[in-house]
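Listed below are the residues making up each chain.
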Amino acid sequence: MSEKLTGAKRETVLAGLTGNGWVIDGNRDAITKTFKFANFVDAFGWMTRMAIIAEKMNHHPEWSNVYNRVEVTLTTHDVDGLSALDAELAQKMDKAK
Ligand SMILES: C[C@H](O)[C@H](O)[C@H]1CNC2=NC(N)=NC(=O)C2=N1
């Protein structure tokens with residue numbers, strides 16, 4: 001299990017994520033991003049690829065899809081907040097987009 005991000009490490013990780021369009025959730029210790037695609041097939045294809053990666057990481061997104069948009073929230077339920085796993089999955093999502 002990954003530990004909750006704290007201190008300077010947390011600030012560094014969050015700076016990288018917000019620089020790539022991730023937003024810190026106002027209500028809980030989580031990050032969110034809306035990914036937009038050309039159409040539903042592209043959106044769902046990306047979700048399918050990400051689902052396989054998430055399952056391999058044993059770290060799963062909260063997400064929803066409407067047509068060509070996917071709204072993603074990442075947080076680590078086991079620690080009730082952000083961990084390095086959220087940063088890792090966020091980076092993989094950005095790379096696969
Ligand atoms: C039992 C299982 O390993 C855990 O519940 C895993 C599964 N996927 C998970 N995903 C996320 N986002 N956070 C978790 O804490 C988490 N825990």
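Residues numbered from 1 in each chain as written. Predicted model: local features only at pLDDT ≥ 70, side-chain atom pairs only at ≥ 80, totals over all residues. Heavy atoms only, no water.

An unreviewed UniProt entry annotates the chain as Putative pterin-4-alpha-carbinolamine dehydratase of Boseongicola aestuarii. One UniProt comment on the chain, placed under Catalytic activity (unreviewed entry), says "(4aS,6R)-4a-hydroxy-L-erythro-5,6,7,8-tetrahydrobiopterin = (6R)-L-erythro-6,7-dihydrobiopterin + H2O". The UniProt entry for the chain carries the following comment under Sequence similarities (unreviewed entry): "Belongs to the pterin-4-alpha-carbinolamine dehydratase family." (UniProt positions renumbered as here; feature names shortened; annotations may be inferred.)

Asks: Tell me about helix α1 (residues 7–19), and please be specific about residues and values.
Replies: A rise of 1.5 Å per residue sets the reference length of α1, with its 13 residues, at 18 Å; its end C-alpha atoms lie 18 Å apart and thus fit the reference within 8%. Buried residues of α1: R10, V13, L14 and L17, and no others. Buried residues of α1, viewed axially, fall in a sector of 100°; they line one side. Those residues of α1 that are exposed and aimed more than 90 degrees away from the buried face are A8, E11, T12 and G19. Here the buried face of α1 lies against β1 (23–24), β2 (31–36) and α3 (84–96). Directly beyond the C-terminal end of α1, a positive phi value near 95° is found at G21. (Helix = DSSP H or I, 4+ residues; strand = E, 2+ residues; numbered from the N terminus. Expected span 1.5 Å × (residues − 1). Buried < 20%, exposed > 50% of the residue type's maximum accessible area, 1.4 Å probe, protein only. Arc of directions from axis to C-beta. Contact = heavy atoms within 4.5 Å.)

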